[in-house]
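An overview of the molecular structure
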Amino acid sequence: MTVRARTRLAALSRSRWFAVVTDLALVAAAVVDVAVLLPIWTPFEIAVAAVAVAGLLVRRRLPWVAFALVLPGLVVDAMTIAAPIALYSVAVRERRLPPVLVAGAVTYACFLLPDWQLPELDYLAPSLLYALLYAATPIALGALVRTRRDLSARVAELSAARAAERLRDEQDVLRRERTRLSREMHDVVSHQVSLIAVQAGALQVSSSDPAARTAAGVIRSLAVRTLDELRQMVGVLRADGAPTGGDKPQPTLDDLPRLVSDSGLPAELVTDTPADLAPPLQRAVYRTVQEGLTNARKHAPGAPVRVSVRTTTATIDVVVRNGAPTAPALALPSGGAGLRGLRERAELLSGRLDASPEPDGGYRLRVTLPRRGSNG
(Lines give C-alpha, C1' and ligand atoms only; values in the text may rest on other atoms or scores of the structure.)
Protein backbone atom coordinates (compact mmCIF):
# COMPACT_ATOMS: atom_id res chain seq x y z
CA MET A 1 0.00 0.00 0.00
CA THR A 2 1.39 3.40 -0.96
CA VAL A 3 1.93 6.26 1.48
CA ARG A 4 -0.86 8.25 -0.16
CA ALA A 5 -3.28 5.34 0.17
CA ARG A 6 -2.38 4.83 3.83
CA THR A 7 -2.83 8.55 4.52
CA ARG A 8 -6.21 8.56 2.80
CA LEU A 9 -7.29 5.46 4.74
CA ALA A 10 -6.21 7.03 8.04
CA ALA A 11 -8.10 10.24 7.23
CA LEU A 12 -11.21 8.22 6.34
CA SER A 13 -10.96 6.30 9.61
CA ARG A 14 -10.65 9.53 11.59
CA SER A 15 -13.65 10.97 9.76
CA ARG A 16 -15.76 7.93 10.59
CA TRP A 17 -14.81 8.03 14.24
CA PHE A 18 -15.62 11.74 14.38
CA ALA A 19 -19.04 11.05 12.85
CA VAL A 20 -19.74 8.30 15.39
CA VAL A 21 -18.71 10.50 18.32
CA THR A 22 -20.83 13.38 16.98
CA ASP A 23 -23.92 11.19 16.61
CA LEU A 24 -23.50 9.79 20.12
CA ALA A 25 -23.15 13.31 21.53
CA LEU A 26 -26.33 14.47 19.78
CA VAL A 27 -28.24 11.42 20.99
CA ALA A 28 -26.96 12.08 24.51
CA ALA A 29 -28.20 15.68 24.31
CA ALA A 30 -31.62 14.45 23.18
CA VAL A 31 -31.69 11.92 26.03
CA VAL A 32 -30.89 14.67 28.52
CA ASP A 33 -33.73 16.72 27.04
CA VAL A 34 -36.04 13.75 27.62
CA ALA A 35 -34.76 12.97 31.11
CA VAL A 36 -35.35 16.50 32.44
CA LEU A 37 -39.11 16.33 31.82
CA LEU A 38 -39.52 12.59 32.26
CA PRO A 39 -41.31 12.82 35.67
CA ILE A 40 -44.18 14.93 34.29
CA TRP A 41 -44.71 13.08 31.01
CA THR A 42 -47.36 10.54 30.25
CA PRO A 43 -46.39 7.06 29.01
CA PHE A 44 -47.47 8.10 25.50
CA GLU A 45 -45.13 11.11 25.55
CA ILE A 46 -42.29 8.96 26.83
CA ALA A 47 -42.83 6.46 24.01
CA VAL A 48 -42.93 9.23 21.40
CA ALA A 49 -39.73 10.74 22.81
CA ALA A 50 -37.99 7.35 22.74
CA VAL A 51 -38.94 6.91 19.08
CA ALA A 52 -37.56 10.39 18.32
CA VAL A 53 -34.24 9.61 20.04
CA ALA A 54 -33.97 6.33 18.14
CA GLY A 55 -34.62 8.19 14.88
CA LEU A 56 -31.45 10.24 15.38
CA LEU A 57 -29.39 7.08 15.02
CA VAL A 58 -30.29 6.82 11.32
CA ARG A 59 -30.15 10.52 10.46
CA ARG A 60 -27.06 10.20 8.21
CA ARG A 61 -28.28 7.34 6.03
CA LEU A 62 -32.05 7.95 6.27
CA PRO A 63 -32.54 11.64 7.09
CA TRP A 64 -36.18 11.70 6.01
CA VAL A 65 -36.98 8.68 8.20
CA ALA A 66 -35.32 10.34 11.17
CA PHE A 67 -37.26 13.54 10.49
CA ALA A 68 -40.57 11.63 10.35
CA LEU A 69 -39.83 9.84 13.63
CA VAL A 70 -39.05 13.09 15.42
CA LEU A 71 -42.18 15.02 14.37
CA PRO A 72 -44.69 13.26 16.70
CA GLY A 73 -42.55 14.15 19.70
CA LEU A 74 -42.47 17.77 18.57
CA VAL A 75 -46.26 17.85 18.17
CA VAL A 76 -46.89 16.67 21.74
CA ASP A 77 -44.14 18.96 23.03
CA ALA A 78 -42.10 15.99 24.19
CA MET A 79 -38.98 16.65 22.08
CA THR A 80 -37.30 19.98 21.27
CA ILE A 81 -33.66 19.09 20.61
CA ALA A 82 -34.11 16.13 18.26
CA ALA A 83 -36.33 18.03 15.80
CA PRO A 84 -33.76 20.68 14.68
CA ILE A 85 -31.08 17.97 14.49
CA ALA A 86 -33.25 15.89 12.15
CA LEU A 87 -34.18 18.96 10.09
CA TYR A 88 -30.49 19.89 9.79
CA SER A 89 -29.72 16.37 8.52
CA VAL A 90 -32.40 16.75 5.85
CA ALA A 91 -31.07 20.18 4.80
CA VAL A 92 -27.49 18.85 4.51
CA ARG A 93 -28.36 15.89 2.29
CA GLU A 94 -31.34 17.13 0.27
CA ARG A 95 -30.21 19.21 -2.72
CA ARG A 96 -33.71 20.08 -3.89
CA LEU A 97 -35.00 23.28 -2.30
CA PRO A 98 -38.81 22.60 -2.32
CA PRO A 99 -38.64 19.45 -0.12
CA VAL A 100 -36.41 21.29 2.35
CA LEU A 101 -38.84 24.20 2.52
CA VAL A 102 -41.72 21.78 3.05
CA ALA A 103 -39.82 20.13 5.89
CA GLY A 104 -39.17 23.55 7.43
CA ALA A 105 -42.83 24.49 7.16
CA VAL A 106 -43.90 21.21 8.78
CA THR A 107 -41.42 21.76 11.61
CA TYR A 108 -42.71 25.32 12.03
CA ALA A 109 -46.33 24.13 12.27
CA CYS A 110 -45.57 21.22 14.61
CA PHE A 111 -43.63 23.50 16.90
CA LEU A 112 -46.60 25.88 17.16
CA LEU A 113 -49.30 23.28 17.75
CA PRO A 114 -48.75 22.99 21.51
CA ASP A 115 -48.73 26.79 21.88
CA TRP A 116 -51.98 27.17 19.95
CA GLN A 117 -53.64 25.00 22.58
CA LEU A 118 -52.95 27.62 25.22
CA PRO A 119 -55.89 29.89 26.14
CA GLU A 120 -53.76 33.02 26.34
CA LEU A 121 -53.10 34.45 22.89
CA ASP A 122 -50.58 36.97 24.16
CA TYR A 123 -47.84 34.41 23.60
CA LEU A 124 -48.76 33.91 19.94
CA ALA A 125 -46.48 36.56 18.37
CA PRO A 126 -43.36 35.55 20.28
CA SER A 127 -44.17 31.92 19.54
CA LEU A 128 -44.45 32.65 15.81
CA LEU A 129 -41.06 34.35 15.78
CA TYR A 130 -39.42 31.66 17.90
CA ALA A 131 -40.90 28.93 15.73
CA LEU A 132 -39.54 30.68 12.62
CA LEU A 133 -36.05 30.76 14.11
CA TYR A 134 -36.48 27.19 15.31
CA ALA A 135 -37.23 25.97 11.75
CA ALA A 136 -35.06 28.33 9.71
CA THR A 137 -31.79 27.98 11.65
CA PRO A 138 -31.25 24.26 10.96
CA ILE A 139 -32.09 24.78 7.28
CA ALA A 140 -29.65 27.68 6.96
CA LEU A 141 -26.90 25.79 8.78
CA GLY A 142 -27.47 22.65 6.68
CA ALA A 143 -27.37 24.66 3.45
CA LEU A 144 -24.15 26.34 4.59
CA VAL A 145 -22.47 23.00 5.38
CA ARG A 146 -23.64 21.47 2.09
CA THR A 147 -22.34 24.47 0.13
CA ARG A 148 -18.99 24.22 1.91
CA ARG A 149 -18.74 20.53 1.05
CA ASP A 150 -19.62 21.22 -2.58
CA LEU A 151 -17.00 23.96 -2.76
CA SER A 152 -14.39 21.66 -1.19
CA ALA A 153 -15.23 18.93 -3.70
CA ARG A 154 -15.02 21.45 -6.53
CA VAL A 155 -11.64 22.70 -5.32
CA ALA A 156 -10.42 19.09 -5.14
CA GLU A 157 -11.64 18.50 -8.71
CA LEU A 158 -9.89 21.67 -9.90
CA SER A 159 -6.68 20.61 -8.14
CA ALA A 160 -6.88 17.16 -9.74
CA ALA A 161 -7.55 18.71 -13.15
CA ARG A 162 -4.60 21.07 -12.71
CA ALA A 163 -2.35 18.18 -11.66
CA ALA A 164 -3.49 16.20 -14.71
CA GLU A 165 -2.78 19.21 -16.91
CA ARG A 166 0.72 19.53 -15.44
CA LEU A 167 1.28 15.83 -16.08
CA ARG A 168 0.16 16.25 -19.69
CA ASP A 169 2.53 19.20 -20.09
CA GLU A 170 5.39 17.14 -18.67
CA GLN A 171 4.52 14.26 -20.99
CA ASP A 172 4.46 16.67 -23.93
CA VAL A 173 7.92 17.92 -22.98
CA LEU A 174 9.18 14.35 -22.66
CA ARG A 175 7.59 13.44 -25.98
CA ARG A 176 9.29 16.33 -27.73
CA GLU A 177 12.61 15.44 -26.09
CA ARG A 178 12.25 11.80 -27.12
CA THR A 179 11.50 12.88 -30.66
CA ARG A 180 14.58 15.10 -30.68
CA LEU A 181 16.76 12.32 -29.29
CA SER A 182 15.45 9.80 -31.80
CA ARG A 183 16.10 12.24 -34.62
CA GLU A 184 19.67 12.90 -33.45
CA MET A 185 20.34 9.21 -32.93
CA HIS A 186 19.07 8.46 -36.41
CA ASP A 187 20.84 11.36 -38.12
CA VAL A 188 24.19 11.19 -36.32
CA VAL A 189 24.85 7.83 -34.69
CA SER A 190 23.25 5.63 -37.32
CA HIS A 191 25.03 7.55 -40.08
CA GLN A 192 28.44 7.04 -38.49
CA VAL A 193 27.81 3.38 -37.65
CA SER A 194 26.67 2.84 -41.24
CA LEU A 195 29.93 4.33 -42.47
CA ILE A 196 31.83 1.96 -40.15
CA ALA A 197 29.94 -1.00 -41.58
CA VAL A 198 30.59 0.12 -45.16
CA GLN A 199 34.30 0.72 -44.54
CA ALA A 200 34.63 -2.62 -42.75
CA GLY A 201 32.94 -4.36 -45.66
CA ALA A 202 35.28 -2.70 -48.13
CA LEU A 203 38.30 -3.66 -46.04
CA GLN A 204 37.06 -7.25 -45.82
CA VAL A 205 36.89 -7.47 -49.61
CA SER A 206 40.08 -5.61 -50.50
CA SER A 207 42.51 -6.81 -47.83
CA SER A 208 44.87 -9.68 -48.59
CA ASP A 209 45.62 -10.38 -44.92
CA PRO A 210 43.33 -13.14 -43.58
CA ALA A 211 43.51 -11.74 -40.03
CA ALA A 212 42.53 -8.28 -41.28
CA ARG A 213 39.64 -9.75 -43.28
CA THR A 214 38.42 -11.64 -40.19
CA ALA A 215 38.63 -8.52 -38.02
CA ALA A 216 36.84 -6.46 -40.67
CA GLY A 217 34.09 -9.09 -40.83
CA VAL A 218 33.63 -8.94 -37.07
CA ILE A 219 33.53 -5.13 -37.17
CA ARG A 220 30.97 -5.18 -39.96
CA SER A 221 28.83 -7.76 -38.12
CA LEU A 222 28.91 -5.72 -34.91
CA ALA A 223 28.07 -2.52 -36.78
CA VAL A 224 25.07 -4.15 -38.46
CA ARG A 225 23.86 -5.55 -35.16
CA THR A 226 24.30 -2.12 -33.54
CA LEU A 227 22.23 -0.56 -36.31
CA ASP A 228 19.44 -3.07 -35.67
CA GLU A 229 19.39 -2.28 -31.96
CA LEU A 230 19.62 1.44 -32.68
CA ARG A 231 16.57 1.25 -34.96
CA GLN A 232 14.68 -0.48 -32.16
CA MET A 233 15.67 2.24 -29.70
CA VAL A 234 14.59 4.94 -32.13
CA GLY A 235 11.27 3.17 -32.56
CA VAL A 236 10.76 3.02 -28.79
CA LEU A 237 11.56 6.71 -28.44
CA ARG A 238 9.17 7.67 -31.20
CA ALA A 239 6.45 5.48 -29.62
CA ASP A 240 6.71 7.30 -26.24
CA GLY A 241 8.43 4.34 -24.67
CA ALA A 242 5.74 1.83 -25.66
CA PRO A 243 6.73 -1.58 -27.01
CA THR A 244 7.21 -1.57 -30.75
CA GLY A 245 5.94 -4.07 -33.22
CA GLY A 246 9.42 -5.15 -34.25
CA ASP A 247 9.99 -8.87 -34.48
CA LYS A 248 13.68 -8.80 -33.52
CA PRO A 249 14.09 -11.03 -30.44
CA GLN A 250 15.71 -9.78 -27.26
CA PRO A 251 19.09 -11.26 -26.29
CA THR A 252 19.05 -14.48 -24.27
CA LEU A 253 21.59 -16.76 -22.63
CA ASP A 254 22.01 -18.59 -25.94
CA ASP A 255 23.61 -15.43 -27.35
CA LEU A 256 26.38 -15.30 -24.75
CA PRO A 257 28.91 -17.50 -26.66
CA ARG A 258 28.60 -15.33 -29.76
CA LEU A 259 28.87 -12.16 -27.65
CA VAL A 260 32.12 -13.39 -26.09
CA SER A 261 33.57 -14.66 -29.36
CA ASP A 262 32.78 -11.42 -31.20
CA SER A 263 34.31 -9.25 -28.47
CA GLY A 264 37.78 -9.38 -30.00
CA LEU A 265 39.25 -10.18 -26.58
CA PRO A 266 41.04 -13.26 -25.23
CA ALA A 267 37.91 -14.10 -23.28
CA GLU A 268 36.78 -17.32 -21.64
CA LEU A 269 33.13 -18.12 -20.89
CA VAL A 270 32.18 -20.46 -18.06
CA THR A 271 28.49 -20.99 -17.44
CA ASP A 272 26.14 -23.53 -15.96
CA THR A 273 22.98 -21.46 -16.19
CA PRO A 274 19.83 -23.26 -17.35
CA ALA A 275 17.90 -21.91 -20.31
CA ASP A 276 14.58 -21.63 -18.47
CA LEU A 277 15.33 -18.39 -16.66
CA ALA A 278 12.76 -15.61 -16.92
CA PRO A 279 13.39 -13.27 -19.88
CA PRO A 280 14.20 -10.24 -17.65
CA LEU A 281 16.89 -12.27 -15.88
CA GLN A 282 18.35 -13.49 -19.18
CA ARG A 283 18.51 -9.93 -20.50
CA ALA A 284 20.15 -8.74 -17.27
CA VAL A 285 22.83 -11.44 -17.54
CA TYR A 286 23.46 -10.65 -21.19
CA ARG A 287 23.74 -6.87 -20.60
CA THR A 288 26.07 -7.44 -17.65
CA VAL A 289 28.44 -9.55 -19.74
CA GLN A 290 28.18 -7.06 -22.61
CA GLU A 291 29.07 -4.11 -20.37
CA GLY A 292 31.93 -6.01 -18.75
CA LEU A 293 33.45 -6.90 -22.12
CA THR A 294 33.05 -3.32 -23.34
CA ASN A 295 34.83 -1.93 -20.28
CA ALA A 296 37.62 -4.50 -20.61
CA ARG A 297 38.09 -3.61 -24.27
CA LYS A 298 38.28 0.12 -23.46
CA HIS A 299 40.30 0.15 -20.26
CA ALA A 300 42.38 -3.06 -20.40
CA PRO A 301 43.43 -3.78 -24.00
CA GLY A 302 45.07 -7.16 -24.41
CA ALA A 303 44.16 -8.35 -20.93
CA PRO A 304 42.63 -11.82 -20.58
CA VAL A 305 38.96 -11.80 -19.58
CA ARG A 306 37.05 -14.50 -17.74
CA VAL A 307 33.25 -14.48 -17.84
CA SER A 308 31.53 -16.63 -15.26
CA VAL A 309 27.77 -17.19 -14.97
CA ARG A 310 26.90 -19.47 -12.07
CA THR A 311 23.53 -20.36 -10.60
CA THR A 312 22.38 -21.79 -7.31
CA THR A 313 18.91 -22.64 -6.12
CA ALA A 314 18.47 -19.03 -4.95
CA THR A 315 20.76 -16.74 -6.96
CA ILE A 316 22.44 -16.05 -10.28
CA ASP A 317 26.03 -14.82 -10.03
CA VAL A 318 27.56 -13.05 -13.03
CA VAL A 319 31.25 -12.13 -12.85
CA VAL A 320 33.32 -10.48 -15.58
CA ARG A 321 36.97 -10.20 -14.58
CA ASN A 322 39.82 -8.90 -16.66
CA GLY A 323 43.53 -8.93 -15.88
CA ALA A 324 45.95 -6.03 -15.96
CA PRO A 325 46.13 -4.21 -19.32
CA THR A 326 49.07 -5.04 -21.59
CA ALA A 327 48.63 -1.92 -23.78
CA PRO A 328 47.64 1.71 -23.24
CA ALA A 329 43.91 2.19 -22.69
CA LEU A 330 41.89 3.41 -25.64
CA ALA A 331 40.94 7.10 -25.53
CA LEU A 332 37.20 6.56 -25.86
CA PRO A 333 34.45 8.72 -24.32
CA SER A 334 33.03 7.32 -21.08
CA GLY A 335 30.57 8.82 -18.61
CA GLY A 336 29.85 5.85 -16.36
CA ALA A 337 26.31 5.49 -17.71
CA GLY A 338 26.81 1.80 -18.45
CA LEU A 339 27.47 0.82 -14.85
CA ARG A 340 24.67 3.06 -13.62
CA GLY A 341 22.28 1.38 -16.00
CA LEU A 342 23.41 -2.06 -14.85
CA ARG A 343 23.00 -1.07 -11.21
CA GLU A 344 19.47 0.20 -11.85
CA ARG A 345 18.59 -2.97 -13.78
CA ALA A 346 19.94 -5.13 -10.93
CA GLU A 347 18.02 -3.15 -8.29
CA LEU A 348 14.81 -3.48 -10.29
CA LEU A 349 15.28 -7.24 -10.09
CA SER A 350 16.10 -7.05 -6.33
CA GLY A 351 19.76 -7.76 -7.02
CA ARG A 352 23.02 -5.92 -6.41
CA LEU A 353 26.09 -4.83 -8.38
CA ASP A 354 29.71 -4.68 -7.23
CA ALA A 355 32.49 -3.21 -9.37
CA SER A 356 36.01 -2.79 -8.03
CA PRO A 357 39.68 -2.96 -9.10
CA GLU A 358 41.73 -6.04 -8.26
CA PRO A 359 45.12 -6.07 -6.46
CA ASP A 360 46.90 -7.35 -9.60
CA GLY A 361 45.76 -4.36 -11.65
CA GLY A 362 42.70 -6.04 -13.10
CA TYR A 363 39.03 -5.23 -12.61
CA ARG A 364 36.01 -7.25 -11.54
CA LEU A 365 32.35 -6.61 -12.30
CA ARG A 366 29.88 -8.75 -10.39
CA VAL A 367 26.08 -8.79 -10.44
CA THR A 368 24.07 -11.06 -8.16
CA LEU A 369 20.39 -11.59 -8.92
CA PRO A 370 17.71 -13.57 -7.07
CA ARG A 371 16.50 -16.55 -9.06
CA ARG A 372 12.85 -16.42 -7.93
CA GLY A 373 10.38 -16.38 -10.79
CA SER A 374 12.93 -17.89 -13.18
CA ASN A 375 10.25 -19.95 -14.85
CA GLY A 376 7.98 -16.95 -15.34
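Each remark here, short or long, concerns the structure printed above.
An account of the accompanying structure is given in this report. Worth saying up front: this structure is predicted, and the values here are computed from it rather than measured.

**Digging into the sheet that holds strand β4 (residues 352-357)**
The strand order β1-β2-β3-β5-β4 describes an open sheet built from 5 strands, whose pairing is mixed. Only two strands of the sheet have a single partner each, and these edge strands are β1 (267-271) and β4. When the angles between neighbouring strand axes are averaged without regard to direction, this sheet yields 10 degrees. Where strand β2 (residues 305-311) meets strand β3 (residues 315-322), 7 bridges bridge the pair, whose relative direction is antiparallel. Across the sheet, residue Val307 finds its bridge partner in β3, namely Val320. This element, helix α9 (residues 279-299), spans β1, β2, β3 and β5 (363-370) of the sheet and lies at about 10 degrees to β3.

**With respect to the nonpolar core**
In this structure, Leu56, Phe67, Val70 and Leu74 are the most contacted members of the largest nonpolar core, which totals 27 residues. Considering every element that reaches this core, the biggest residue donor is helix α4 (residues 82-93), with 7 residues. The contacts of Val70, once residues within four sequence positions are left out, are Ala52, Leu56, Ala82, Ala83 and Ala86. In this structure, Tyr286, Val307, Ile316 and Leu342 belong to the second largest nonpolar core, which totals 26 residues.

**What about the pairing of β2?**
The buried fraction of β2 amounts to 5 of the 7 residues, a majority that puts the element mostly inside the structure. Alignment of β1 against β2, held across 5 bridges, turns out to be parallel. Its bridge partner lying in β2, Leu269 is registered against Val307. In this view, the connection linking β1 to its parallel neighbour β2 by way of α9 has left-handed handedness.

**Looking at empty space enclosed by the protein**
A complete count under the given rule lists 1 cavity of 30 Å³ or more for this structure. Taken as a whole, the largest cavity holds about 30 Å³ of empty space. Contributing to the lining of the largest cavity are Ala284, Thr288, Leu342, Arg345, Ala346, Val367 and Leu369. Counting residues per element, the ones that place at least two in the lining of the largest cavity are α9, α10 (337-348) and β5.

**A few points about the side chain of Thr107**
If you trace the backbone, Thr107 turns up in helix α5 (residues 97-116). The class of Thr107 is buried, set by a relative accessible area of 0%. Setting aside residues no more than four positions away along its own chain, Thr107 makes contact with Phe67, Leu74, Leu87, Tyr134 and Ala135.

**A short note on the pattern of salt bridges**
Following the criterion strictly, the structure yields 9 salt bridges and no others. The partner of Arg366 in a salt bridge is Asp317, with the nearest N and O atoms 2.7 Å apart. In this pair, Arg366 is assigned in strand β5 and Asp317 in strand β3, connecting sequence segments 49 residues apart. The network of salt bridges with shared partners includes Arg321, Glu358 and Asp360.

Quick notes on the rules
Residues numbered from 1 in each chain as written. Predicted model: local features only at pLDDT ≥ 70, side-chain atom pairs only at ≥ 80, totals over all residues. Heavy atoms only, no water. Pairing = 2+ DSSP bridges. Helix = DSSP H or I, 4+ residues; strand = E, 2+ residues; numbered from the N terminus. Axes fitted to C-alpha atoms, helices over the stretch in contact; angles between N-to-C directions. Contact = heavy atoms within 4.5 Å. Core = buried A, V, L, I, M, F, W, Y, C linked by side-chain atoms within 4.5 Å. Buried < 20%, exposed > 50% of the residue type's maximum accessible area, 1.4 Å probe, protein only. Right-handed = clockwise from strand over helix to strand, strands pointing away. 1 Å grid on protein atoms, 1.4 Å probe; cavity = no way out; pocket = protein on both sides within 12 Å on 5 of 7 lines; lining within 4 Å. Points joined across faces, edges and corners; volume = space filled by probe spheres on them. Salt bridge = Lys/Arg side-chain N within 4 Å of Asp/Glu carboxyl O.

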